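Secondary and tertiary structure notes
Each chain, written out:
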Amino acid sequence: MNRIVQGAIAGTLFGFGLAISGMTNPDKVLNFLDVAGTWDPSLALVMGAALAVSVPGFALLRRRGCTLDGGALPSPPSSAVDRRLLLGSALFGVGWGLAGYCPGPAIASLAHGLSEAVVLVAAMLAGSQLVRFIDKDRP
Amino acid sequence: MPTAFTPLSALIGGALIGLGAAWLLATIGRIAGVSGIVNRAIDAREERGWRWAFLLAMIAAAGLWFAFTGAQARTGFPWIALVAAGLLVGAGTRVGNGCTSGHGICGLARLSRRSLWAVLVFVGVAMLTVYTVRHVFGGLA
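Note that the structure is predicted; figures quoted are calculated from it, not measured.

Cut-offs applied
Residues numbered from 1 in each chain as written. Chains lettered and ligands numbered in written order. Predicted model: local features only at pLDDT ≥ 70, side-chain atom pairs only at ≥ 80, totals over all residues. Heavy atoms only, no water. Helix = DSSP H or I, 4+ residues; strand = E, 2+ residues; numbered from the N terminus. Buried < 20%, exposed > 50% of the residue type's maximum accessible area, 1.4 Å probe, protein only. Contact = heavy atoms within 4.5 Å. Areas by Shrake-Rupley, 256 points an atom, 1.4 Å probe, with all protein chains shown as cover. Lys, Arg positive; Asp, Glu negative; His and termini not counted. Charge placed at Lys NZ, Arg CZ, Asp CG, Glu CD. UniProt positions renumbered as here; feature names shortened; annotations may be inferred. Salt bridge = Lys/Arg side-chain N within 4 Å of Asp/Glu carboxyl O. Core = buried A, V, L, I, M, F, W, Y, C linked by side-chain atoms within 4.5 Å. Disulfide = S-S within 2.5 Å.

As a further point, take the overall build of chain A. Looking only at helices and strands, chain A features six helices and zero strands. When the helices and strands of chain A are placed in sequence order, the string is α-α-α-α-α-α. C-alpha extents for chain A along the principal axes are approximately 45 × 45 × 35 Å. When each of the 139 residues of chain A is scored for burial, the buried share is 49%. Relative to all contacts within chain A whose residues are 6 or more apart in sequence, the contacts with residues 24 or more apart total 38%. Working note: accessible area of chain A is about 6100 Å², and carbon and sulfur atoms make up 68% of it. For chain A, the distance from the average position of its 10 positive side-chain charges to the average position of its 8 negative side-chain charges is 13 Å.

If you want it as C-alpha cells, here you go:
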C-alpha cells in the first residue's frame, strides 16, 4: 500500500510539472526542437531545472546507499553503449520530432479526454508491444 | 504555431519533475522513467500497483491543471502522423530502454554514460526530424 501512495505522489509531481512547464503542449515541444525556425528554448529550462533537483537528490541517496526507509537502491547503470540503445533512441527521436510527444506528456495529455493523445498513446502501446513480441520470438 | 518563451513556468515545472524523480528513488528505490513504468505496468507480474498509481496520478494532476488554466488540446494534426509517431515512440523507447524522463532526467542524474548517448541521439534526431518536416517539406499541419 505504501508503495502505491509513493508512486501516486511521484506521479502527481510529474503531472503538475509536465502541465505547468508547458510540455503537454506539443507545439511548445516542436518549437524547442525547431532551432532553425520558431525556436522556443523553454524545454531547455525544464530539463535544466529538473536536473538541478534530481542530480543532487540522486547523489545524496547514492552516498546514503539506501532509500529513506533503508530499502535497496537500483544497481549502478550499465555503461555499455550498444547498437540497440542508439537505434532505439534514434527511432524515438523521429517519433518525438514528428508529433511533439514523448511518453510522459503523451500519457498526461490523456487528461484532455477524447483528443489526439488517445490515438498517439494507443499507437505507442502498440509499438512497444510489437517490439516485445519480436524480442520474445528471437532465438 | 509559434509559442512564447516561458522561463518561469519552465523552471517551476521542471523542478517539480525533478522532485518527482528524486521522490520515487528516495521512497521506493525506483527510477521514474515513464516509458519503463508504462511497459512494466502492462508486462510485469509484480509491482504493478505503484506503476498504475503513478500513471493515473500523473493524468489526474495534468487534468486539474488543464481545468484550472483552460488549456485545450491541439486539434487538426493529421492522425496518420499521430499513429506513425506513436508507433515510433513506443518501439523506440522499448528498444532504447528509456525516454526523456528515464534517460534524460534519471539517467543523467545517475551519471549514466548510456543515458548521455541516448539523450544526445534522441534530441539530435528529433531536431533533424523537425527541420526536415518543417523546412524541407513545409510542415504537416
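The next point concerns the UniProt feature "transmembrane region" (unreviewed entry) in chain B. Residue and element names in this part refer to chain B. Per the UniProt entry, the sites bearing "transmembrane region" (unreviewed entry) are residues 12-38, 50-71, 77-95 and 116-137 in this numbering. Between the C-alpha atoms that bound residues 50-71 there is a distance of 28 Å. The span itself is 91% helix and 0% strand. Between the C-alpha atoms that bound residues 77-95 the distance is 27 Å, and the span itself is 89% helix and 0% strand.

What follows is about the pattern of salt bridges. The final tally for this structure, using the stated rule, is nine salt bridges over all chains. Ionic pairing is found between Arg-3 of chain A and Glu-47 of chain B, a salt bridge with its closest N-O pair at 3.1 Å. Separated into two different chains, Arg-3 of chain A in helix α1 (residues 2-21) and Glu-47 of chain B in the loop between α2 (34-43) and α3 (48-69) make up a pair that spans both. Lys-28 of chain A serves as the salt-bridge partner of Asp-40 of chain A, at 2.7 Å between the closest nitrogen and oxygen. Residue Asp-40 of chain A is found in the loop between α2 (26-33) and α3 (42-64), and its partner Lys-28 of chain A is found in helix α2; the two are separated by twelve residues along the sequence. Considered together, Asp-40 of chain A and Lys-28 of chain A belong to a single accessibility category, that of buried residues. What you see here is one network of salt bridges that share partners, running through Arg-3 of chain A together with Arg-30 and Glu-47 of chain B.

So, on to the nonpolar core. Ranked by internal contacts, the top residues of the largest apolar core, which has 60 residues, are Phe-14, Trp-96 and Ile-107 of chain A together with Val-34, Phe-54, Leu-55 and Met-58 of chain B. Top contributing element to this core by residue count: helix α1 (residues 7-28) of chain B, with seven residues. In contact with Leu-55 of chain B, other than residues within four places in its own chain, are Ile-107 of chain A together with Val-34, Ile-37, Val-38 and Ala-41 of chain B.

This structure, assessed with the given rule, holds zero disulfides over all chains. No disulfide involves Cys-99 of chain B; its sulfur sits 6.3 Å from the nearest other cysteine sulfur, which is in Cys-102 of chain A. Looking at the unpaired Cys-106 of chain B, the closest cysteine sulfur is the one in Cys-99 of chain B, lying at 9.1 Å. Of the residues examined, Cys-106 of chain B reaches a relative accessible area of 0% and is grouped as buried.

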